[in-house]
Amino acid sequence: MLFSDIPGQQKIKQQLIGTVNDERISHAQMLLGPEGSGKLALAIAYAQYINCHNRTDDDACGYCPSCVKYNKLIHPDLHFVYPVAVTQKVDKKPTSEQFLTEWRQTLANTHYHPSLMQWYEAIGIEKKQGIINADDCNNIIHTLNYKSYESDYKVMIIWMVERLFHSAAPKLLKILEEPPDRTLFILVAENHEQIINTIISRTQIVKIPKYSDEAVAGYLQQQFGKEGNERNKMINLANGNLKEAIEMASTTGVDDFNFTTFREWMRLCYKGDYKALYNFVSKISKIGREKQKSFLNYGLKIVRHSLLNHYGKHELIRMDGEELQFLQKFSNFIHSGNAAEFADLFNEVSYHIERNGNASVLFMDASIRANKIMAMKPKQITT
Ligand SMILES: [Zn+2]
């Protein structure tokens, strides 16, 4: 992975390259950014750059012996740890090493922008939660205590460190405190609230912002030949999440599932048509966790955009056509008195879906609450 394979993010690339040129590479860094912001791709490009035999001022060469192995993710001094669980294939003591083939495949399939759910699907655990376990942390110590094979730095990339199991944390902490010589830890994470403070305090944090629209646009054109209206729609929907853009461009196309489904749901909730809602709920409870979460996220986006519409901030609204028409009508039901209730509702359902809550119960309950929330009155502002 070269820096030039990653669109945009110029500031971050310069910052990372600067640490190499100024010889101030910190041994433990955490790349922290939202889903689809390229943090894993940047971590790999950074490691490749550090170990390239022929690097230039702005990128690795791509063809020296180190780069050739990095390109295929088979360099003996490049190690990965990621959340795993017991699967059909690995029925006890799962560790990252046992899933290396699936890992390389997933990175290739997702252009190095995997989501946690895509990873779980790839190893067949979409109904469970993966963890970074104590066995894996023992392996880290074991792996890194060998002499460096052939490169300047051994690199350990720990992906989604918020999934570190509590009993494994002391082991990782210890090695971050007393790292073997010439080793580099790159932790990659999305939610810094979910990571224990002692880990955070031992790393240098590099905050990765979401991609700019220009970066997403360039990538869609170069990698997928997307142009014009279709590309504009994808850029709007992705909203800086390149993982979403890649998914749309490579598989689903511009997907209006969330929009049409949300519109249907809100119409039924408004009417309080519980018989139709029952049918709706049985449909939506079967689409899988990732799609349900993306659907609820869309609901949050509609609430946010309704407020923008309400307060005349039309230039910030990233919608057009039928979707915009729906927003204009729906925003009449969203106001100071209920926007927070709506946002809480979608967040709560998403929280429980993520933790394997029963989707039909959650969506039916949410439908009843949505019906009540829509009937709420705006707050009276008293002075
Ligand atoms: Zn090279």
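The structure presented is a predicted model; accordingly, all values stated were derived computationally and were not measured.

### Section: the overall build of the chain
The helix and strand inventory of the chain stands at 17 helices and 5 strands. Its C-alpha atoms give the chain a radius of gyration of 23 Å, within 12% of the compact-globule value 21 Å for 383 residues. By principal-axis analysis of the C-alpha atoms, the chain measures approximately 70 × 45 × 45 Å. Within the chain, residue pairs in contact and separated by at least 24 positions form 74% of the contacts whose partners lie at least 6 positions apart.

### Overview of the packing of helix α12 (residues 257–271) against helix α13 (residues 274–284)
Orientation of α12 relative to α13, taken along the N-to-C sense of each, is 150°, at an axis distance of 9 Å. As far as their axial angle goes, α13 and α12 are roughly antiparallel. For the pair α12 and α13, the sense of crossing is left-handed. On α13, the residues that touch Glu264, Trp265 and Leu268 of α12 are Ala276, Leu277 and Phe280. Split into classes, the residues belonging to the contact of α12 with α13 amount to 5 nonpolar, no polar and 1 charged.

### Description of unusual backbone geometry
Of note, the phi angle at Gln9 is positive, near 50°, even though the residue is not glycine. Along the polypeptide, Gln9 turns up in the segment before α1 (10–21). Its identity as a non-glycine residue notwithstanding, Lys93 has a phi of 45°, on the positive side. Looking at the secondary structure, you find Lys93 in the loop between β2 (78–81) and α4 (100–109).

### Concerning the packing of α1 against helix α2 (residues 39–51)
The interhelical angle for the contact between α1 and α2, taken along N-to-C directions, is 30°, at an axis separation of 10 Å. With respect to α2, the element α1 is oriented roughly parallel. Read as a crossing pair, α1 and α2 show a hand that is right-handed. For the pair α1 and α2, contact is made by Ile12, Leu16, Ile17 and Val20 and by Leu42, Tyr46, Tyr49 and Ile50, respectively. Each residue belonging to the contact of α1 with α2 can be placed in one class, and the counts come to 8 nonpolar, no polar and no charged.

### So, helix α16 (residues 339–354)
Under the 1.5 Å per step criterion, the end-to-end length of α16 is 23 Å for 16 residues, consistent within 8% with the ideal 22 Å. Of the residues making up α16, those classed as buried are Phe342, Leu345, Phe346, Val349, Ser350 and Ile353. Buried positions in α16, seen along its axis, are confined to an arc of 120° and lie on one side of it. Along α16, exposed side chains directed more than 90 degrees from the buried face belong to Ala340 and Asp344. Of the surrounding elements, those touching the buried residues of α16 are α14 (289–310) and α17 (359–374). Within two residues after α16, Asn356 carries a phi angle of roughly 70°, on the positive side.

### Points about the domain arrangement of the chain
Domain boundaries assigned for the chain yield domain 1 (3–207), domain 2 (221–252) and domain 3 (257–374). For domain 1 and domain 3, the distance between their C-alpha centres works out to 36 Å.

### With respect to the sheet that holds strand β5 (residues 204–207)
To summarise the sheet geometry, strands pair through backbone hydrogen bonds and adopt either a parallel or an antiparallel arrangement. Across the sheet, which stays open at both edges, the 5 strands sit in the order β2-β3-β4-β1-β5 with parallel pairing between neighbours. Here the strands that pair on one side only, and so sit at the sheet edges, are β2 and β5. Recorded for the sheet is a direction-independent mean angle of 20° between the axes of neighbouring strands. As defined by bridge partners, strand β1 (residues 28–32) adjoins β5 across 4 bridges and the pair is classed as parallel.

Calculation rules
Residues numbered from 1 in each chain as written. Predicted model: local features only at pLDDT ≥ 70, side-chain atom pairs only at ≥ 80, totals over all residues. Helix = DSSP H or I, 4+ residues; strand = E, 2+ residues; numbered from the N terminus. Rg over C-alpha atoms; globule rule 2.2 N^0.38 Å. Contact = placed C-beta atoms within 7 Å. Axes fitted to C-alpha atoms, helices over the stretch in contact; angles between N-to-C directions. Parallel < 35°, antiparallel > 145°, perpendicular 65-115°, else oblique. Left-handed = near helix turned anticlockwise from the far one by under 90°. Nonpolar A, V, L, I, M, F, W, Y, C, P; charged D, E, K, R; others polar. Expected span 1.5 Å × (residues − 1). Buried ≥ 20, exposed ≤ 12 C-beta atoms within 10 Å, placed from the backbone. Arc of directions from axis to C-beta. Domains from an automatic or database assignment. Pairing = 2+ DSSP bridges.

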